Amino acid sequence: LLLRILAWFLRCRARRLGASSRIWVADDGKMTTHRPTIFVSIASYRDSQCQYTLHSLFTQATYPERVVAGVCHQVAPEDKECFLLDLDRWAPQIRTYFIRHDEAKGPCFARALIQQELLKDEDYYLQLDSHFRLVDGWDELLLAELAACPSARPVLTTLAAAYELPRGHRPGGPDDAMLNRRECMAVLCADKFGDQCPGQDDAFLRIKSRVCRTSFGGMPPPALFWTARFHFSSAQVVRECPYDPFLDYVFFGEEISMAARLFTSGWDLFNPTRTVGYHLQSRSHRPFYTEVQTSELSIRRHRYAKGRLYRLLGDNRNAIAVEAGLGGSAVAPSAPYGLGVQRTMAMYEAFCGVTFLDHIITDHGRRGGVAKELLAPTWAEEARSELQSARCLVSPEDWAGRGNAEALHRQFPEATSVERGGGGGGGPSAEVMQALNAVRLREAELRAATTGGMSLEQVLEYGRLCVRLGELSSQAGDAHAATEAFAEALSAAARGAAEEEALAASAQDQARRRLSLILLQGGALAGLQHFPQAKAVVEEALVVAGELVLVLDDDVSEVLALEVLALLHRVYEQTDDRVGVEGLLPGLRVLLTNVAMHAERLQGRSPTPPSPPSAPDLQEPPTEGPETVTARLLDALLLLALATGTDAGDTLGRRVFTDCPVELRGSARLRRQLGMLQAGGLFLDLVV
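Residues numbered from 1 in each chain as written. Predicted model: local features only at pLDDT ≥ 70, side-chain atom pairs only at ≥ 80, totals over all residues. Heavy atoms only, no water.

Undergrad: So what about unusual backbone geometry? Which residues, and what values?
TA: Here alanine 335 and proline 336 are connected by a cis peptide whose omega angle stands at 5°. Inspection of the secondary structure assignment puts proline 336 in the loop between helix H8 (316-326) and helix H9 (345-352). Its identity is not glycine, yet histidine 359 carries a phi of approximately 55°, on the positive side. For histidine 359, the location among the structural elements is in the loop between strand S16 (354-355) and strand S17 (360-361). Backbone geometry at phenylalanine 683 places phi at a positive 55°, although glycine is not the residue there. Looking at phenylalanine 683, the relative accessible area reads 7%, which means it is buried. (Helix = DSSP H or I, 4+ residues; strand = E, 2+ residues; numbered from the N terminus. Buried < 20%, exposed > 50% of the residue type's maximum accessible area, 1.4 Å probe, protein only.)

This is how it looks when you write it as structure tokens:
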């Protein structure tokens, strides 16, 4: 008994010392200098990012020699791009299990194989998606976070931060992942049930993460839910709660069922307080396993698996509905794939704030157990989610996977009809044709009224009409007409520049005309895809716009400045040139300073002090407040500054909310934008 007490004391002492300590306690209670090993489970379906995940796993670890990766590769013979990186240095530490892609049965089946065939006697178990990047020193960080959890049986789980791939990414080259630098604490929360999501064929609970305004003093707060994307715990968890190998083709349902199993088995879930890694949300770089789920047998197996999980969760209504389609009953999984015996399912429902039979989600579940004042505004979280969903419909492969857009169309036929040619008829939409006809009519009227020659103002209007005509022709798929229109606009800009030199005018009028001509030239060059020239021209326009807002007392200068920012965004977005946008920061900084000074001068005020650090959770998005050209200009400037993805850009964006008069930053537009940014983890200390 004394030896057992001593062993327990030493284990607690080791946890308090933290993961970086060189002394650990073995299961027999003896002191050891053995560095604990970490097994990393990665299920990969035809994913060219998996090789980069493995590379990150070893190169970012403080002690890579203690890391062992177990990868289930589900690949086709032509998937050579998945194996281009040289990982030979770590080959002895990478265990693999290969499956032909057409024999794959979804992520649960692959993860079960990894646990059964590849995991050995490692001390800790880490589960990752195959498209992941780890932070530097992730192994020590995770062990320290786990030791900080107020539990003897902790599990860390998170949806992690995000990364993106540039448009020109090619597998096998240097790792060019663009990591989200904005680190913030996030907690797992209940979102909605599948039967509340249009087009979904299941009724399982979805989870999401919400940004917090605190890191909880470095002590991981309890997590109400669990995500398969990232799990870290003692490897004992696999012996007690192994993956169910009979969940064929299950995607939704995997996470909430495992959360219930872990909780009822006596494991405690926690949200890590620090960024541990980065996940790629888009699937456009890889196929998705649903491409092989086409046979009637695979569909029946999927239904049966869903029935098993409905029974496990106590959702008997949906279990009965599934069983009716099967012509038989689905039974809840038994040990070791069922619920545990340490706690009951009713206790888990009370803990997470969800009733699975009646599909009720309490505020406690929606907030992840965190007080609402510690979270970003609810409406902003919802609006951000809607934007992400809309992106999936605009770019189907982001959701459905490369070459598998048909899967999205099968689920959302009406929403994707425009992307597929306006309901099957092909050709431009009625709205585009209507706008084209209106521009052509105005162009004809202008030509008829200026048979004797055009004034400078008429040349500018004509040039702008040509740019608009080119844009609409591009949308209509008429590349030849678009090129002709942009070329004519460029010619009009040249004629206007020649006329402008000959005109006598005030310095203010000259500056205004000069900026208008530069904008016309830049728009034409961008339309012709002469991007280097277009960038040079529009960067000049930014300088002129910054000077002009201090000179003019009307809205014209700000309207022109807004056009400059819109054109800048278009040019740099089309070329995916974030580095180039960073070079615009000095000009944007001058423009912001001058806009704020101009507004203060007009109001006869001294500069406004920064907002106090307070941010209530508004129940509704702001709808009141001045909606001026200046507010729209500041909004555009803010988004351009943040697009750099740099600290300098974030600092400039923050100044929009601290350096401008309350009358400007208090507009509904900017307050909504601030809420959206806070939902993404930025400017959490400012007032919405």
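Undergrad: So what's going on with the packing of aromatic side chains? Residues and values would help.
TA: Tallied over the entire structure, the rule returns 16 aromatic pairs. Centroid distance phenylalanine 251 to phenylalanine 288: 5.6 Å. Interplanar angle 85°. Geometry classified as edge-to-face. With a gap of 37 residues between them, phenylalanine 251 in the loop between helix H5 (236-240) and helix H6 (254-264) and phenylalanine 288 in the loop between strand S15 (277-280) and helix H7 (296-313) connect regions that are remote in the sequence. Look at phenylalanine 251 and you get partly exposed, because its relative accessible area is 32%. Summarising the aromatic geometry, the rings of phenylalanine 288 and tyrosine 289 are spaced 4.8 Å apart at their centres and angled 55° between planes, so their arrangement reads as tilted. We classify phenylalanine 288 as buried; its relative accessible area is 11%. (Phe/Tyr/Trp six-rings, centres within 6.5 Å; stacked < 30°, edge-to-face > 60°.)

Undergrad: Describe the pairing of strand S4 (residues 67-75), with residues and values.
TA: Counted residue by residue, S4 has nine buried out of nine residues, so it is predominantly covered. Neither face of S4 is open: one carries Val67, Ala69, Val71, His73 and Val75, the other Val68, Gly70, Cys72 and Gln74, and all of them are buried. Relative to S4, strand S3 (residues 38-45) runs parallel, the two being bridged by eight bridges. Of the residues in S4, the one forming a bridge with tyrosine 45 is glutamine 74. This β-α-β element, S3 to helix H2 (residues 50-59) to S4, shows right-handed connectivity. (Pairing = 2+ DSSP bridges. Right-handed = clockwise from strand over helix to strand, strands pointing away.)

Undergrad: Run through the packing of H6 against H9, naming residues and quoting values.
TA: The geometry of H6 relative to H9 is characterised by a closest axis approach of 9 Å and an angle of 110° between their N-to-C directions. Here H9 runs roughly perpendicular to H6, going by the angle between their axes. Every pair of crossing elements has a handedness; the one defined by H6 and H9 is right-handed. Every residue of H9 that contacts H6 at Ile256, Ala259, Ala260, Phe263 and Thr264 is listed here: Met345, Met347, Tyr348 and Phe351. Per-class residue counts for the contact of H6 with H9 are eight nonpolar, one polar and no charged. (Axes fitted to C-alpha atoms, helices over the stretch in contact; angles between N-to-C directions. Parallel < 35°, antiparallel > 145°, perpendicular 65-115°, else oblique. Left-handed = near helix turned anticlockwise from the far one by under 90°. Contact = heavy atoms within 4.5 Å. Nonpolar A, V, L, I, M, F, W, Y, C, P; charged D, E, K, R; others polar.)

Undergrad: For the sheet that holds strand S7 (residues 132-134), give the residues involved together with the corresponding values.
TA: Pairing is mixed in the open sheet, where four strands are placed in the order S7-S15-S9-S10. The sheet is open, and its two borders are formed by S7 and strand S10 (178-179), each paired with just one other strand. In the sheet, S7 pairs with S15 via three bridges, with the strands oriented antiparallel. Along S15, the bridge assignment pairs arginine 133 with tyrosine 278.

Undergrad: Can you break down the side chain of histidine 285 residue by residue, with the values?
TA: Looking at where histidine 285 falls in the secondary structure, it is placed in the loop between S15 and H7. Side-chain polar atoms of histidine 285 contact the side chain of aspartate 47, separated by 2.8 Å. (Polar contact = N/O pair within 3.5 Å; in protein donor to acceptor, adjacent residues only side chain to side chain.)

Undergrad: Give a description of helix H17 (residues 507-527) that names residues and reports values.
TA: Relative to the 30 Å expected for 21 residues at 1.5 Å per residue, H17 spans 30 Å between its end C-alpha atoms, a close match to the ideal helical length. Here H17 has its buried residues at Leu515, Ser516, Leu517, Ile518, Leu519, Leu520, Gly522, Gly523, Ala524, Leu525, Ala526 and Gly527. Just downstream of H17 lies glutamine 529, where phi reads positive at about 60°. (Expected span 1.5 Å × (residues − 1).)

Undergrad: With reference to specific residues and values, describe the nonpolar core.
TA: Counting residues in each nonpolar core, the largest one holds 57 residues, and the members touching the most others are Leu205, Phe225, Trp226, Tyr348, Val354 and Phe356. Ala541, Val544, Leu560 and Ala641 belong to the second largest nonpolar core, which has 52 residues in total. (Core = buried A, V, L, I, M, F, W, Y, C linked by side-chain atoms within 4.5 Å.)

Undergrad: Quick one: what's the story with the environment of leucine 84, residue by residue and with numbers?
TA: Note that leucine 84 resides in the loop between S4 and strand S5 (94-100). The sequence separation of leucine 84 and glutamine 51 amounts to 33 residues, and the corresponding C-alpha distance is 7.7 Å.

Undergrad: So, helix H16 (residues 479-502): which residues are in play, and what are the values?
TA: End to end, H16 covers 36 Å across 24 residues, agreeing with the expected 34 Å (1.5 Å per residue, within 8%). Those residues of H16 that are buried are in contact with helix H15 (456-475), H17 and helix H19 (556-574).

Undergrad: Now, about the pairing of strand S8 (residues 154-157): what can you tell me, with residues and values included?
TA: Side chains Pro154 and Leu156 project from S8 onto one buried face, and the interleaved Val155 and Thr157 project onto a second face that is buried too. As paired elements, S8 and strand S14 (residues 268-270) share three bridges and run parallel to each other. Looking across to S14, one finds that leucine 156 is bridged to phenylalanine 270. As paired elements, S8 and strand S13 (residues 230-234) share three bridges and run antiparallel to each other. From the neighbouring strand, leucine 156 faces S13, where its bridge partner is phenylalanine 232.

Undergrad: So what's going on with the sheet that holds S3? Which residues, and what values?
TA: Strand order in the open sheet made by the seven strands is S5-S4-S3-S6-S13-S8-S14, with mixed pairing throughout. Looking at strand neighbours, the two that pair on one side only are S5 and S14, the edges of this open sheet. Ignoring which end each strand starts from, the neighbouring axes of this sheet average 20° apart. Contacting S3, S4, strand S6 (124-129), S8 and S13, helix H4 (residues 138-148) crosses the sheet at an angle of about 65° to S13.

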